[in-house]
Amino acid sequence: MTDYEKYAAQVALVKEECKDADENDVAEEFRRYEEEFLIEPNDAVRSVILKFMKASGQEVKSISSTPTRVEKKVDRFADLGSEDKNVTIEVAVVTYVPRIQMVRGEEKQIAFGWIEDNPWESNDKRERWDFKDWGSHSENLAPNSVVRLEGVSVNEWNDKRSININRGSRVTILREGGPAVPALSDEPVTIEKASEKEGYVNLLARIISLKPDVIVKKDGSGTLDIFRGTFADSSGKISFLSWVPIDHEVGDLVKVEGAMIRKFRETPEVNINDRAKLEKFHDNNFASTEELSQATTSKIGELRNGMKDIITTVQVESWQSRTFTNSDGEEKIVRSGDVMDPTGRCRLTAWCEIDPKPGDFLHLSGARVQFWQGSPDLVVDNSDQVSNLTDAPWEAIDPEQHWVELELSDLVTSGSRRGIKTRGTIVAIRSDSGIIHRCPECRRILRESTCVDHGVQQGVEDLRLKFVIDNGVHNAPIILAKEPSEKLLSMSQEMVKEKISKSSHEDFLAEIRNNYLARKVMINGRSLVDVQGAMILAEEVTFDTTSNEDAANLVMQEWGVLL
Amino acid sequence: MINQTRVGRQSAIRIFAHEYSDANLPLEGVGEYAPSFIITKLGAKVNRALFGGVIDRFERRDGDNGPSYSGQLRDATGGTHRFQIAPFQPELHADAEELLARFESGDRFLMMMVGRARWFESDDGGLFTSFRAEEFCIVEREVYVNWLVETSEATLRRLSAYSASLGSDNNSEALASAGVPSDLIEGMILAKDHYGDFDPESYRVGVLQGLSMALNSNGTIESIMAPPEQISQPEGELDISPSIEAENGSNGSKLEPQGNVDDVILSAVRNSSNIDGMPYDSIVLACIEAGFSRELSEDAIEDLRDIKCQIIEPRFGFFQILD
């Protein structure tokens, strides 16, 4: 390969600036830079351009005046170069994790995290970069806030760019976020407190489970021995993952220093690496292992994505098994069914041989939660995790009638749940309520007869209604599929279609609005809660039949009003 | 969720007209999608509201960009919820036309509406609150009464939060430990910094009225269903209204009315330096300062405009003398 071919890309760049330069001379120059000055061709471009500009007597001012102290104001990270300094940009703060780092022999509190550009647009139009805060701006960089950064600089390391927020940088809050991340402290916190944040913590907790595990490295280069387990104190429990061997036993009370809380899916988890310290601790007043295991039994209503080592008891509603062929061509059986407890219902999947009958009570230990279609479901991998109880822990629940009533506010501020009942007032009728067309391949809704994945399609008609319910403090969108929509409207899909074709979609919406807007309804269904907020998939919607008189009496009783 | 990265939909605050029209503290959102709010004296942070009442006024204006509509719903507190439908809301125009036809035929009816808070600041610093309609419908009485009960409860909740806040420092930790619900804390801090002392009892009147209507279902509702007659009442009748004010306790004004309310309005409008005319709120303020109740003043303004034809409203919310 000639020098010219080898450096063609860089030569082209130089030629853009110095049209008269000879290509072979330029290539030779790049070779020199690489071989003699040990400068990579990409890094040498600037110097080579300068050289040839000078040689041809061109004005070199534009290049030599590299942006040093001039303020650079940009809207997007994409507009930033790797050497930009004194940058002004508005960003959304996603995370802020303080840590202690040795800087030139001194312990300094710094912080790192994620920021996103384009903060006033939806998340899918943003770019996310790492940042480091060297200037203790924690007060002004609370997660979920939107801030203007001034005087920050771009840092490039291993082809990855990030933002350095320096001591002299200015951070202005444009929109308040959550509470500011507190500075590090040496005091241990309760598990409940620790679960609320991400970052470094100190804990005082008892080990209530511990087992060695193996992680297969992503690059296929081998395996890593790790330890998994659970810490508990009187405020709760939390799983941990240790990258270093643990010399303690189940039942030991330990003081954990410098561990890191990370979210695995929706569940916080303690990460222990070689920087963290675990010491045995003595305190006779600390809750015993027995007391703690008692308190750490979970209920279905409390399940969250990513939870592990769950101890719980459920009542089986239905049970099926299914045979499938896995990617290795092996035939496997997976068993699953619907299960309930007094706080709700979910699915249970078993990768082992258990065959309970409807109505059986199962006690599960070491179960884990897997998200399936937005709701947390229980999974057991081994039949010794399951015991069939002979004594019923509660009076058998009738699955037909089992809807756990929750305040709308509690529903939208907790995790996804099945089998719930809630109330609210309809405050919006979405204009995409009515007859819709779905893709015959993937059931996605067609826009102008086109599916995002499958192109132009002859759509399959379906009926749905979309409302927003609200209780004055919280609100959530609700979606009714065909069956609950037909039931609420007392009209079949065909009738709705005929109605719309005789008048118009707007008339149909006006009728829905006249009949349902500002009305209080009761909803049976399931809730999906994620970072975007909550959504309710309604299985049945009925008018709230509480009389105004009863409601008024209740209000007077609660607030002590006399007329 | 704790990690919510988007500003979610604002909930619809249940609020009586009296509390909303008394408010004069706007909180403007910074950034394109940041919501703005009206903070009431009881600390409600209103961006979106669910409100109802009998339709009291409704009219169309044709502008360069298309028609716009404005109207009023009068609720159990006797106050009015002002609302607008903008030219850029064509999806509401068909329903608005239907409403207009019914209204102009002389029909009056109960409506429920979901609206977004808007405000207008007059040159002299007065602040006018109103709503931009989002969705609305005509409802049967049952639905309206249900809203009265809900709004009574929401108002009682704010009243109780307000009284809990009285002995507390004005910061979030202190208010939370005094028992102010978390959704009211931010508004309460702003309200207490901005508004002076006031008697919250006047807000209890709407609550009592709402609750008593729910209890005796065929009772007092007709009294708010009949505002058109009030407008045509002779002047002599209007003069006794300060006693109604005492009964309602509205505005807590202890002043004796000075002179005739019409004279106050006419002289206020005549002396206005504003070229567009005197803003509605400033006229009402002048009347209140002269000792008249808000309701009486509002009725008298309408009377002067619609019956006596001594003032005109060339632009919505601005009044001039008709010479």
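Residues numbered from 1 in each chain as written. Chains lettered and ligands numbered in written order. Predicted model: local features only at pLDDT ≥ 70, side-chain atom pairs only at ≥ 80, totals over all residues.

Draft legend 1. Quick look at the overall build of chain A. Helix and strand counts for chain A stand at twelve helices and 30 strands. Across the 563 residues of chain A, 32% fall into the buried class. For chain A, the share of sequence-separated contacts (at least 6 apart) that also reach a separation of at least 24 residues comes to 59%. (Helix = DSSP H or I, 4+ residues; strand = E, 2+ residues; numbered from the N terminus. Buried ≥ 20, exposed ≤ 12 C-beta atoms within 10 Å, placed from the backbone. Contact = placed C-beta atoms within 7 Å.)

Draft legend 2. Representation of the nonpolar core within the structure. Counting residues in each nonpolar core, the largest one holds 94 residues, and the members touching the most others are A:Ala518, B:Val46, B:Ala49, B:Met111, B:Met112 and B:Met113. Of all the elements, helix 3 (residues 141–165) of chain B adds the most residues to this core, at nine residues. Those residues in contact with A:Ala518, other than ones at most four positions away along the chain, are A:Thr425, A:Ile426, B:Leu50, B:Met112, B:Cys137, B:Val139, B:Val143 and B:Trp147. (Core = buried A, V, L, I, M, F, W, Y, C linked by C-beta atoms within 7 Å.)

Draft legend 3. Main features of helix 3 (residues 23–35) of chain A. All names here are of chain A. The terminal C-alpha atoms of helix 3 lie 18 Å apart, and with 13 residues this matches the ideal 18 Å at 1.5 Å per residue to within 8%. For helix 3, the set of buried residues is Val26, Ala27, Glu29, Phe30 and Tyr33. Buried residues of helix 3, viewed axially, fall in a sector of 155°; they line one side. In helix 3, the exposed positions that point more than 90 degrees away from the buried face belong to Asn24 and Glu35. (Expected span 1.5 Å × (residues − 1). Arc of directions from axis to C-beta.)

Draft legend 4. Quick look at the interface of chain A and chain B. The partner chain B presents 44 residues to the 41 residues of chain A that form the contact. Only strand 8 (170–175), strand 23 (417–429), strand 27 (460–470), helix 11 (505–516), strand 29 (520–530) and helix 12 (548–559) of chain A provide two or more residues apiece to the side of chain A that touches chain B. Broken down by element, the side of chain A that touches chain B gets its largest block of residues, seven residues, from helix 12 of chain A.

Draft legend 5. Geometry of the packing of helix 2 (residues 8–17) of chain A against helix 4 (residues 41–55) of chain A. All names here are of chain A. Packing of helix 2 against helix 4 leaves a shortest axis separation of 9 Å and a crossing angle of 30°. Here helix 2 lies roughly parallel to helix 4, going by the angle between them. For the element pair helix 2 and helix 4, the recorded crossing hand is right-handed. Judged by residue contacts, Gln10, Leu13, Val14 and Glu17 of helix 2 engage Pro41, Asn42, Val45, Val48, Ile49, Phe52 and Met53 from helix 4. (Axes fitted to C-alpha atoms, helices over the stretch in contact; angles between N-to-C directions. Parallel < 35°, antiparallel > 145°, perpendicular 65-115°, else oblique. Left-handed = near helix turned anticlockwise from the far one by under 90°.)

Draft legend 6. Up close: the sheet that holds strand 3 (residues 37–39) of chain B. All names here are of chain B. Pairing is antiparallel in the open sheet, where three strands are placed in the order 2-3-4. The sheet is open, and its two borders are formed by strand 2 (25–27) and strand 4 (45–46), each paired with just one other strand. Sheet strands in contact with helix 5 (residues 182–194) are strand 2, strand 3 and strand 4, and its direction is about 135° off that of strand 2. (Pairing = 2+ DSSP bridges.)

Draft legend 7. Focus on the confidence of the model for chain B. Residues and elements named next belong to chain B. For chain B, per-residue confidence averages 81 on the pLDDT scale, and residues scoring 70 or more make up 84% of the total. Across chain B, the secondary-structure element scoring lowest on mean pLDDT is helix 10 (residues 241–248), at 34, and the one scoring highest is strand 1 (residues 12–14), at 97. Below a pLDDT of 50 lies the segment residues 1–6, which in the model reaches 15 contacts outside its immediate sequence neighbourhood of four places, other chains included. The low-confidence segment residues 218–255, where pLDDT is below 50, has 56 contacts with residues more than four positions distant or belonging to other chains. Across the assembled chains, the prediction reports ipTM 0.71 with pTM 0.63. (pLDDT = per-residue confidence, 0-100.)

Draft legend 8. Structural detail: the sheet that holds strand 12 (residues 318–321) of chain B. All names here are of chain B. Pairing is antiparallel across the open sheet formed by three strands, whose spatial order is 10-12-11. Strands at the two margins of the open sheet, each flanked by one partner only, are strand 10 (278–279) and strand 11 (311–315). Of the strand pairs in this sheet, strand 10 and strand 12 are connected by two bridges, and their pairing is antiparallel. Bridge assignment links Met278 to a residue of strand 12, and that residue is Phe319.

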